[in-house]
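Residue strings, one per chain:
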Amino acid sequence: MQIPILNEAFATPISAFPPDEWTTTRPTPRVATIKQRLLDEPRVLDVERARYTTQAYRATEGQPMALRRAQMLLHLVRHQRITIQPGELIVGNRSLLPRMGVIAPEGAVAWIDKELDSLPTRPQDRFHTTPEVVRELREEIFPYWRGRTLEETVAQRVPDDVRVAVKGRAFSLNQTDHAQGHILPDVAAWLRLGIGGLRGQVLAASKISNAKTQRSKDAEEENHAESQHPTPAPLHLGALALGSEHSLSIFYDAALIALQAAQEFMLRYAGLATEMARDSADPVRARELERVAANCRWLAEQPARDFHEALQAVWFLFALLQIESNASSFSPGRFDQYMLPYLEADLAAGKLTQSEAQELLECLWLKFNEIVLLRSSSSARYFAGFPIGFNIALGGQLAGGGDATNLLSFMCLRAQADLGMTQPNLSIRIHDGSPDDFLRAASFVVGKGSGMPQVFNDEVIIPGQIARGVTEEDAANYAVVGCVELSTPGKALGWSDASMFNLTRVLELTLFGGRDPRTGEQIGLATPTLAEMRSMADLEAAYDAQLAHFVPLMVAGCNIVDQIHAELLPSPFLSLVIQDCIARGLDVTAGGAHYNFSGVQGVQIANVADSLAAVEQAVFAEKWLSGAELLDALRRDYAENEVLRQRLIHRVPKYGNDDDRVDRYAGRWGDRYAELVAQHATVRGGVYQHGFYTVSAHVPMGAHVGATPDGRHTGAPLADGGLSPTAGRDRRGATAVLQSVSKLDLKLASNG
């Protein structure tokens, strides 16, 4: 792989991925070998995370949960087995082998126990097990966790009205079986400060906290001396949330333990690399391992100094976050911005060639594919394909409004072209000033078949972020979490996968007066059925009432889950890399972040719009049939009524064709859902925001919706892709689809 020289690369960033190399670029033999080994690696169930977590929890009974979680992390990094794979230049993992199914028993054990025997054969996301692992889990690990897990606690606390709505498939409650992910850590600060710098911040904040506490005590003693009957101070929940003297001390002690864990984790890899270098018969590989050891040993206390160290530091950060939380969508964010200074310095000093830098970058790219998430069979239907959501966003704008595209942006596109792997989940930010060569290069990479990079429009997103209360500077610095969720790097807990709200299911319930047409159970409000309605105004009023009923129930359920996370699964290590947590002495799960949002998705507006347009034309405008007759056809899944179904499909306007007759319903009800969601506050002091993305949830969510007036059969998938039209219904080309989508106020869709 020949890459142009330094001066040209600085002057013309596209020289890192020039058009004449688009079709010929290939990974180096090292990278190709590691990739193939990764693809060939069987996915097996890991028991070590569960074993050592159980040991740590047993040993810390009665201690504050934040300390227990920190000591769990320390115990894990001390005892889990580690390895360095052949040829690796970036090292570290959360499990012994790549792509292992890790069990975090503090999140859930009931579904795992139920599905252990079917994991190797289930339809999605299989994992191999052994009798020994199954025996240890069922006899030694799971019994301890009965009644203690996040999943069971949520089930106990969710009120009946929320439970009825969830069981009735109006919405889901997510994040109920694992700790918090879906966040952009402050990678730039991690690189800049290192473990020693973060420890200094913790100690300084702790000292300030102790001084404030002492001044408060002195004032209390002085007041007591002046009056034997002082007036009690009012008790405020906010004051408690900010932390008592005791809770602040716990937070800082846990933070220091978490930093010790990070340090020991890195030193173990330094020791292993040194040992392997000593035993290697290959002098070239021995030198590589010696460099790996030096990197790890330096990073165990100090900030990164060069590109190789910075890449290694980035990976250590995400491996540690995964060890602590075993959650999805910890995302690196604007990688090409914070990593560029290290690359430029090394290239300018002649420390690295651009080819060497590209190989190192692609070694990191492969590490992002070593972690997969073990999901329940139900969850795997919603999120099939092991998505873990390491989202990297390229390009976009600088703080002053200039274009941010640079040499590393093109190198990242080249890495995706070379490897074509599913991780990292690559995104680009575009705006009016985005360079044409960047857009062309990104388009070529998309066309190679991985579906990446995804494209995000600054012109819509930045104003939307500002409208949610994010500062202009932070809004301009937005990045992407997981799939398509939007957030502020290092400053926000967006809780972007709190729930999926089934807009189509709620419309079905509306048509049948709030009842499930198959069971007859009253799930929603008792509103008139379609047979009793006289106009579209009646139908839309009933739909609005049902939405206004279910959205607060969704929020109530999400807030309960949120609160339990703070109680049971504080995240001391994650809190170190989210701004304001250290200064406040408050865990990220308890509201320590600068911004606190919760994100809920509306699924699927295309089916809603098409169905409303169908009812308007077939029942009220042209009177093909009565409302009662349409309800009967829906109950019977159009049995013996295929002619009607085909008329509804082909004679009624469909969303995705730039037709206002149907697009107005998408705009109206997408915006209305956003309005209802935005009325609610999170338990962490922020607000709710909505989005429309589905991942693969349109399939299982459709499975629980009967036949709909748009001609869709019972149980068929809903429309794919968040705001995409129903498959095959868009007949006027891609630009017509975009015109339909643009009729929603997408500035409101700040959750993606």
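Data block above holds the structure.
Notes on the structure follow. (Residues numbered from 1 in each chain as written. Predicted model: local features only at pLDDT ≥ 70, side-chain atom pairs only at ≥ 80, totals over all residues. Heavy atoms only, no water.)

### Digging into the pairing of strand β5 (residues 454-457)
Of the two faces of β5, the one lined by Gln454 and Phe456 is fully buried and the one lined by Val455 and Asn457 carries no buried residue. Pairing between strand β4 (residues 425-430) and β5: four bridges, direction parallel. Note that in β5 the partner of Arg429 across the bridge is Phe456. Following the backbone out of β4, through helix α19 (residues 436-450) and into the adjacent parallel β5, one traces a crossover that is right-handed. (Buried < 20%, exposed > 50% of the residue type's maximum accessible area, 1.4 Å probe, protein only. Helix = DSSP H or I, 4+ residues; strand = E, 2+ residues; numbered from the N terminus. Pairing = 2+ DSSP bridges. Right-handed = clockwise from strand over helix to strand, strands pointing away.)

### With respect to helix α29 (residues 660-678)
Counted at 1.5 Å a residue, the expected span for α29 with its 19 residues is 27 Å, and the 26 Å between its end C-alpha atoms agrees. All buried positions along α29 are accounted for by Val662, Asp663, Tyr665, Ala666, Gly667, Trp669, Gly670, Arg672, Tyr673, Ala674, Leu676 and Val677. (Expected span 1.5 Å × (residues − 1).)

### Focus: the sheet that holds β5
In spatial order, the strands read β3-β4-β5; together these three strands make up an open sheet with parallel pairing. Edge strands, defined here as strands with exactly one partner in the open sheet, are β3 (391-395) and β5. The mean inter-strand angle of the sheet, taken between neighbouring strand axes irrespective of direction, is 30°. Both β3 and β4 contribute to a ladder of five bridges, which runs parallel. Pairing of Asn391 across the sheet is with Asn425, part of β4. The strands touched by α19 are β3 and β4; relative to β4, the strand with the most contacts, the crossing angle is about 150°. Contacts from helix α20 (residues 458-467) reach β4 and β5 within the one sheet, and its direction differs from that of β5 by about 60°. (Axes fitted to C-alpha atoms, helices over the stretch in contact; angles between N-to-C directions. Contact = heavy atoms within 4.5 Å.)

### With respect to the nonpolar core
Residues Leu191 and Phe335 are the most contacted members of the largest nonpolar core, which totals 218 residues. Once you skip the residues sitting within four places of it in the chain, Phe335 turns out to touch Leu311, Leu361, Leu364, Trp365, Ile392, Ala393, Leu408 and Cys412. Formed by 23 residues, the second largest nonpolar core is a distinct cluster that contains Tyr478, Tyr595, Val603 and Tyr693. (Core = buried A, V, L, I, M, F, W, Y, C linked by side-chain atoms within 4.5 Å.)

### Thoughts on the packing of aromatic side chains
Per the stated rule, a full pass over the model turns up 22 aromatic pairs. Taking 5.0 Å as the distance between ring centres and 90° as the angle between the ring planes, the aromatic pair formed by Tyr144 and Trp145 counts as edge-to-face. We classify Tyr144 as buried; its relative accessible area is 7%. Between Phe171 and Phe501 the ring centres are 6.4 Å apart and the planes differ by 10°, which places this aromatic pair in the stacked class. In this pair, Phe171 is assigned in the loop between α8 (160-167) and α9 (187-226) and Phe501 in strand β9 (residues 499-502), connecting sequence segments 330 residues apart. Classification of Phe171 as buried rests on a relative accessible area of 3%. Pairwise contacts between aromatic rings join Trp315, Phe318, Phe335, Tyr338, Trp365, Phe368 and Phe390 into one cluster. Geometry around Tyr144 places Arg148 over its ring, the cationic atom sitting 4.0 Å from the centre. A cation sits over an aromatic face here: Arg664 above Tyr665, 4.5 Å from the ring centre. (Phe/Tyr/Trp six-rings, centres within 6.5 Å; stacked < 30°, edge-to-face > 60°. Lys NZ or Arg CZ within 6 Å of the ring centre and 35° of its normal.)

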